[in-house]
Each structure stands twice: as C-alpha cells, then as structure tokens.
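One letter stands for each residue in the lines below.
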Amino acid sequence: MRPARGGLALSRQASTPDASAPDAGADAGVDAALRAAFTEEWAHVVATLIRTTGDWDVAEEASAAAFERAARTWPRDGIPSRPGAWLTTTARHLALDRLRRRSVEVEKLREWRDVEEPGGPPDPADAVAADADAEWVDDRLRLIFTCAHPALAMDARVALTLRTVGGLATGEIARAFLVPEATMAQRLVRAKRRIRTAGIPYRVPPPEALPERLDSVLAVLYLVHNEGYLASSGERLMRVDLSTEAIRLTRLVAGLLPHETEAEALLALMLLQRARTAARAAPDGGLIPLELQDRSRWDRTDLTEGLAILTRLGSGPVGAYRLQAEIQGAHASAATASDTDWHRILACYDGLAARSDSPFIALNRAIAVGMADGPERGLAELAALEAGGGLGAYHLLPAAQADFHRRAGDATAARRCYRRAIGLAPTAVERRYLEGRLAALGA
Amino acid sequence: MEYALFYTQGADPQPYDPALDDIAEWDADGIARGVLEYGERLRPEHDATTVRVRGGELLIADGPFSEAKEAIGGFDVIDVPSLDEAIEIASRHPVARFGEVEIRPFWRGEGGVVADGDRLVPDGFDAEPKPGRSRYLLLVVADPNGEDVDESPEAWVAETGANGERLFGNRLQAPDATTRVMLRGGELVVSDGPLTEAKEWIAGLDLLDTAGLADAVSIAARHPMARAGTIELRPLWPLDVHADHAERTRREAAESAQRTEPRLTTGPGASAPRAEVWR
C-alpha cells in the first residue's frame, strides 16, 4: 500500500463522515494537523524506520500505515502533543509487528536496535525519549545522502529522493517525469535493491567526503526544481508542485547543514526563479521573456527571502550555485529591464565559465556580453561559439543571434536566424514565441 | 561486505605512466588496514581460454569471453564495511587513473557459497603456488545463449575443493549492483552499472590451482555453467610490487608474444565425447 501525497488523500480519509467523529470544526483542525504532519514528518518517520529496520520497504509500508492510523484515530482521540513522535513510535510498532510475522526476517529482528513490546497505543513518554533532536537531524540527513548516492543512476536518485524524502506517490513522480507509472515503480524497486546489494551505506558521509557528496544532493534537488521550472507543456500544475517540493527539500538540507553555504545559495536561486512564475506565461500559455515580464507580478515573498539569503551569504565562499543565485539576484533587484546590471551578471558568468566548460554556460555568457557591451560584441562571441560546434542544433543559439541582430537593427539577418531557431525549437510554446518575434519584424 | 575489484581499460583509457602508477603504496595500505584479502594480476587477455559445453561437446577457444574493452587485467578481493569504503579504495588504485575499476559485491548468505561472517579467502591461504602448479582465475560467465541448466555448482565446488584444485570462489551479485570508479583530472567519477550492457556478464569467480591448462580446462568443463554459459580461464601473473615498473613493462611487452601454455585447438577437433567430459 502506498500513501497518496500528503494532505490531499489523507484529508479525504480524515473527513470521511464517521459515527464517532466530533464536530466539523475539530475535524478541520485534525485535517490541518494531518496535512502538516505529513509535510513535516514523513522524512523523519521513514528515515528513523530505515535506520532501525534496515529495510526500505518495511520502513515505507510501516510509515504509510502509521499515517493512516493517525487519520483514523486522531479525529477520535485528539491530536497528540508531539505528532512526529506519535507517528514514529506507531510506525516502529507496526514495523516490528510486521517483521515478527515474517519468519524469514529473523535476522533483521535480531538486528533491531531498540526492541520494544508491540501492541497497545504508543507511550508518549517513550516517544519523547526516542526523538532527541540531534538524532532526528542525522536520520533525515542519512536518508537524503543515501537517496542521492553517486553510485545510483541520476534518474534513480531523483525518483528515490522524491519518493522517500518527499513522500510523493509513485504515480505523481511518474506523471511529472512523463514516464509510465510501472516504469517509475520499477526504477524505485531497482534503486532500493541496488542500495541493498551494492552495499550503499545508510549514513551521512564523513567530513572529508561531504563537499563532494553534497554536490550530488544539490544536483538532485536542482534537477527536480528545473523539471518544475522549465516545464512548458503537459502536466503543468504537477510540475509547479515539483518546484515547490524541491524548495521544501532544499530548505530542509540548508537547515540541517547550516555551514554549507552552497545549499543556502541553491535555495536562494530556486526562490528567485520561482518568484517569476506568475509573470513568465501569458494567459494563453505563451512564453514571456524576462525583459517583457510585468515585474509587479513577481512574488514579493520569494524575492525578499531570496535576496535576504544572498545578503546573508555576503562575502562568504562563492560556488556555482552562489554565482547563479547572484545572477537571479541582479534580475530581481532591477526595477525595470533596462536597469539590469549586466556587468554584474557578466562577472558571474565569467566565474561560472572558469569552473565549467559547459557550452550552455558559454552561451549565456555570450548573451551577457552582448547585453553589457553591445550587440556587436555579443554577435562576435556567439559566432565563436557556433564555430566551436559544442552547441550542435541547440535552438537558443540562433535565437540569441536573432535577438542581437534585431537590437543592432539588421532585420534581414534577424529574420534568417529566427527561422533557423524555429526549425530547431523542441516545444510548441517556444516555437510560438519565436514565430511571434519573427512576425514583429515585418515581412 | 566483500567485493571483487576488476581492473579494466575502460571506455576512456589514459596512457600508463610507470612513475605515476606505482601500486606498491596502495597494496601496502590495503594490507595494513586489513581490507585486502587477495589480488593478482592476470596474463593479458590473449592468454585467456574460454570453455563451453554445448550439446555435450567441449568447445575451447582462445581469448576472453567478450571482445569488448572491459577485458579484465587483474582483480582484488576486499572486505570493507560498505560501498563507500570500496569506492575510496578503488579510487586510489593506479588503474583508476589510467583505466577503470569495477566494484562487484559478492553474494552472501542464502544462496551464496560463503556463509555470512566468513571471509572468502581462507585463513592461511598461501599466495605462492607450489612448484609445478599453475594458478588460474576462473570466471563464470552467464550467457543467455547457453543451455538451460538449473544444476547448482555445489557438487563441483565440493569435489574441486576436496582435491585442492579450487582454492576459493563465490557467486557475485548481478551486474546492476556494479559500481564503476575512475579518476580523471584528479576528480573522482562514480557511475552505476556495468561498463557495457553486454549480453554476457561475470556471475562468479573461482581460483584454481592445477598442474596446467589441460587440467584447468577439464575442471572448467565440469562446472554446470560451462553448459549454461561460458567459463573463462585466465592465468595469473603474480605481481612483484617491488620490481622496477618501466623494466617490468618492457619485459611484459616482450613476453606477451609468448604463450604460457601450449595452444589448444579450437572447434570440432577439440570436442570430447559427453562421457569423457562428464565421466
């Protein structure tokens, strides 16, 4: 049995009319408590259960069953004072029951660290003793680092993180990544089997390995965010949810590892990008580029938090996410498009280009050159990139050339480049946007 | 957990540099930490012999089971707490710099030949073969084109172990438990899965100690997997970690033209009647 995503399914269960249910007001309170408990505690509960049972499937099943039991009993008995502790203790009892029933699990029972008597309602005192804060931090970090272990394929890392840390249902992850649910289920099964058979440890890596391994964690979270942020078709709402989930998980990692400034920088980057969500698309779904966006529609809460993080990071260490967040910060703090500090942005791209020879960074840097120093300089950079051949048939190269030709007043060259970009554009939304720019240049 | 480390050229080989790629330090460290159970270099792949039994006929061929780049140049058996330690050890092996290291966990407990808690390589195992004996790494290769055989190798293991021809061995976990490690430009590159998605894959290994290749072939032919898959025999090439590397590389280049054993013929002429193969 798989738990459905958080509040939604649980709230349906919790609000099902029940003979013993108290009045509607209390029901709504339970509903909110269940929703909050799922968001806040799912990773806690699963992480603790994996540590004590060593079995990912039993841990997931018992955690899901504990949330279901909460949906059944909280409306009747009231919300416990420490919902997380209640859920963890309940899940541990359920897991122990389950392992006891399965004779093949004798070994695991022997390994069970804190053997408790099953049955009966969880004892709150016992739960309080079990949840020393430091241990809970470690448990969640263990889970995050294991799900993002570099010996797992990247798609497995992403799926496992969303499923096990984020608590998303298999079907939701499958829809977000446009694969059949059976494929996603198989991917998750394989990832969990690989953790067991290859001996991937369930732990936070030692300090000397932490920076390298944190890179993998942040890459997974950024990939989840990008999948939500860049989506231009299909299950749009679901993908916005993905960005929200990525931000929630990044906030969790940044909070658990307060000295790792790259995690905070990634959080700022995601917030500053999400702030523009409402302004990025026209009512007809058409794409609105940064330059033409209605800046009053940018989300103030996200902008303020993102910029505050950048200020807090101040003169601290500068990594790749910090540089990308600074670029977003430059856009966010410009009152109008023409106020944009392109020299500051170019300096950040110089920093990124020095760290990576990615052709996509080179392309963005070339655009920054053109915006900072004039379209001719931009066109020269783009021509050099085109000659280098690293971008192949990537549509944004001719699109950028078209834009600089337009700014330089060469409509003929701009039209030629727009046509090439339209031929290469992978999505209908982008094609429509480019066709609009072409039409605006006249025949 | 015990892991087999296989050393391969990999998809992105770098030139071997005798000065950079000295193995002595790695070897000494592994022994000092008590994680290195056993390891050997193998004769180059052209000295490999593959053994198959199809329709009761013994088929012997020169060369490795696969012509792909992943031909194995050597192996180690290590015992470490988890994959992270195995990756760390593999990343410091010289081959990680110029080739690639494959990490394959052994199958433990139920269905495995070695029980949990025991080490694969027996205590007091003598790494030096006695005079007149030759050592071979026997690779058990699963091959979907093999015959349908569900016979367990337990009888083979018991018999070859009892007469001292098989020193140790075990099943390996399936290829999807494989992790590959290389160092490029000082950066650790870790990836999942086997190097190539070949249809054939190594399912286990054994170490043989025999009077020569003919005996090793006869032992290999009795393994159930000679019918269900392929057996590859690779002569060991014991490593002198103190030898001068440049000199050794030159000597090996000269030796590579020589055969360690008389060449066996391949094809129908090499076939044996079923009765002889199975006694």
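Residues numbered from 1 in each chain as written. Chains lettered and ligands numbered in written order. Predicted model: local features only at pLDDT ≥ 70, side-chain atom pairs only at ≥ 80, totals over all residues. Heavy atoms only, no water.

Peer 1: Honestly, helix α8 (residues 154-165) of chain A in this entry has me stumped. Any pointers?
Peer 2: Residues and elements named next belong to chain A. For α8, built from 12 residues, the straight-helix expectation of 16 Å at 1.5 Å per residue is met to within 8% by its first-to-last C-alpha distance of 16 Å. The buried fraction of α8 is high, at 10 of 12 residues. Taken together, the buried positions of α8 are Ala-156, Arg-157, Val-158, Ala-159, Leu-160, Thr-161, Leu-162, Arg-163, Thr-164 and Val-165. (Helix = DSSP H or I, 4+ residues; strand = E, 2+ residues; numbered from the N terminus. Expected span 1.5 Å × (residues − 1). Buried < 20%, exposed > 50% of the residue type's maximum accessible area, 1.4 Å probe, protein only.)

Peer 1: In this structure, what is going on with the nonpolar core? I would like to understand it.
Peer 2: Nonpolar side chains in soluble globular proteins tend to be buried together. One finds Trp-74, Leu-87 and Leu-143 of chain A together with Ile-103 of chain B to be the most contacted residues of the largest nonpolar core, which totals 111 residues. The element best represented in this core is helix α2 (residues 24-53) of chain A, accounting for 12 residues. Residues in contact with Trp-74 of chain A, not counting those within four places in the same chain, are Val-30, Ala-33, Leu-34, Ala-37, Arg-69, Ile-79, Pro-80, Pro-83, Trp-86 and Leu-87 of chain A. Counting residues in hydrophobic clusters, the runner-up holds 20 residues, among them Phe-65, Ile-72, Val-121 and Leu-207 of chain B. (Core = buried A, V, L, I, M, F, W, Y, C linked by side-chain atoms within 4.5 Å. Contact = heavy atoms within 4.5 Å.)

Peer 1: Looking at this model, I keep getting lost on the pattern of salt bridges. Mind explaining?
Peer 2: Pairing is possible between side chains that carry opposite charge, provided their charged atoms lie close to one another. Considering all chains together, one arrives at 44 salt bridges over all chains under this definition. Where Arg-51 of chain A meets Asp-139 of chain A, a salt bridge forms, and the shortest distance between an N and an O atom there is 2.5 Å. Highlighted residues: Arg-51 of chain A in helix α2 and Asp-139 of chain A in helix α7 (residues 133-147), separated in sequence by 88 residues. Using a relative accessible area of 16% as the deciding quantity, one classes Arg-51 of chain A as buried. For Arg-92 of chain B, the salt bridge is made with Asp-29 of chain B, and the minimal N-O distance between the two is 2.8 Å. Residue Arg-92 of chain B is located in helix α2 (residues 83-92), and its partner Asp-29 of chain B is located in helix α1 (residues 24-32); the two are separated by 63 residues in the primary sequence. Residue classification places Arg-92 of chain B among the partly exposed positions, given a relative accessible area of 34%. Residues joined in a network through salt bridges with shared partners are Glu-291, Asp-403, Arg-406, Arg-407 and Arg-437 of chain A. (Salt bridge = Lys/Arg side-chain N within 4 Å of Asp/Glu carboxyl O.)

Peer 1: Sorry if this is basic, but what is going on with the packing of aromatic side chains here?
Peer 2: Each aromatic ring pair is summarised here by two numbers: the centre-to-centre distance and the angle between the ring planes. One pass over the structure, following the stated rule, counts 9 aromatic pairs over all chains. An angle of 75° between the planes, with centres 6.0 Å apart, marks the rings of Trp-56 of chain A and Tyr-202 of chain A as edge-to-face. Taken together, the residues span a long stretch of sequence, with Trp-56 of chain A in helix α3 (residues 56-77) and Tyr-202 of chain A in the loop between α10 (181-197) and α11 (210-229) at a distance of 146 residues. When the ring of Tyr-222 of chain A is compared with that of Tyr-321 of chain A, the centres are 5.6 Å apart and the planes differ by 80°; the resulting orientation is edge-to-face. Linking Tyr-222 of chain A in helix α11 with Tyr-321 of chain A in helix α16 (residues 320-332), this pair joins segments that are 99 residues apart in sequence. What links up through ring pairs into an aromatic cluster is the set Phe-38, Trp-42 and Phe-67 of chain A. Residue placement shows Arg-276 of chain A over the ring face of Trp-298 of chain A; its charged tip is 5.9 Å from the ring centre. Taking NZ or CZ as reference, Arg-171 of chain B lies 3.9 Å from the ring centre of Trp-107 of chain B, over its face. (Phe/Tyr/Trp six-rings, centres within 6.5 Å; stacked < 30°, edge-to-face > 60°. Lys NZ or Arg CZ within 6 Å of the ring centre and 35° of its normal.)

Peer 1: What's the story with the confidence of the model for chain B in this structure? I'm lost.
Peer 2: Residue and element names in this part refer to chain B. Counting all residues, the mean pLDDT for chain B is 81, and 78% of those residues have values of 70 or more. Across residues 258-279, where pLDDT falls below 50, the model places 44 contacts with residues more than four positions away in sequence or in other chains. Model confidence for the complex: the whole-complex pTM is 0.80, and ipTM, which rates the interface, is 0.79. (pLDDT = per-residue confidence, 0-100.)

Peer 1: What should I look at first to understand the interface of chain A and chain B in this one?
Peer 2: In this complex, chain A contributes 17 residues to the contact, which on the side of chain B involves 18 residues. Carbon and sulfur atoms supply 46% of the area buried between chain A and chain B, which totals about 1200 Å² over both sides. Counting across the interface, chain A meets chain B through 4 salt bridges. With its nearest N and O atoms 3.0 Å apart, the salt bridge here joins Glu-85 of chain B to Arg-203 of chain A. Between chain A and chain B we count 11 residue pairs in polar contact (both at pLDDT 80 or more) in total. Of all the elements in the fold, those that place two or more residues in the side of chain A that touches chain B are α10 and α11 of chain A. For the side of chain A that touches chain B, the element with the most residues is α10 of chain A, which contributes 5 residues. Considering only residue class, the side of chain A that touches chain B consists of 7 nonpolar, 3 polar and 7 charged. (Buried area = accessible area lost by both parts, 1.4 Å probe. Polar contact = N/O pair within 3.5 Å; in protein donor to acceptor, adjacent residues only side chain to side chain. Nonpolar A, V, L, I, M, F, W, Y, C, P; charged D, E, K, R; others polar.)

Peer 1: What's the story with the sheet that holds strand β12 (residues 229-235) of chain B in this structure? I'm lost.
Peer 2: Two strands in a sheet stick together by hydrogen bonds in their backbones, pointing the same way (parallel) or opposite ways (antiparallel). Residue and element names in this part refer to chain B. Read across the open sheet, the 6 strands follow the order β4-β3-β12-β7-β11-β8; overall the sheet is antiparallel. Looking at which strands have only one partner, the edges of the open sheet turn out to be β4 (57-62) and β8 (166-171). Neighbour-to-neighbour, the strand axes of this sheet turn through a mean angle of 20°, independent of strand direction. Alignment of strand β7 (residues 134-142) against β12, held across 7 bridges, turns out to be antiparallel. By the bridge assignment for β12, Leu-137 is matched with Arg-234. Contacting β7, β8 and β11 (201-210), helix α4 (residues 154-162) crosses the sheet at an angle of about 160° to β8. (Pairing = 2+ DSSP bridges. Axes fitted to C-alpha atoms, helices over the stretch in contact; angles between N-to-C directions.)

Peer 1: Please explain the sheet that holds strand β5 (residues 72-79) of chain B as it appears in this structure.
Peer 2: All names here are of chain B. Pairing within the open sheet is antiparallel, and its 6 strands lie in the order β2-β5-β1-β6-β9-β10. For this open sheet the edge positions go to β2 (36-41) and β10 (187-192), each flanked by a neighbour on one side alone. On average, adjacent strands in this sheet sit at an angle of 20° to one another, irrespective of strand direction. In this sheet, strand β9 (residues 179-184) lies alongside strand β6 (residues 100-105) in antiparallel orientation, the contact comprising 3 bridges. Looking at the pairing, Val-101 lines up with Val-181 of β9. Strand contacts of α2: β1 (2-8), β5, β6, β9 and β10, with the helix running at about 40° to β9, the strand carrying the most contacts.

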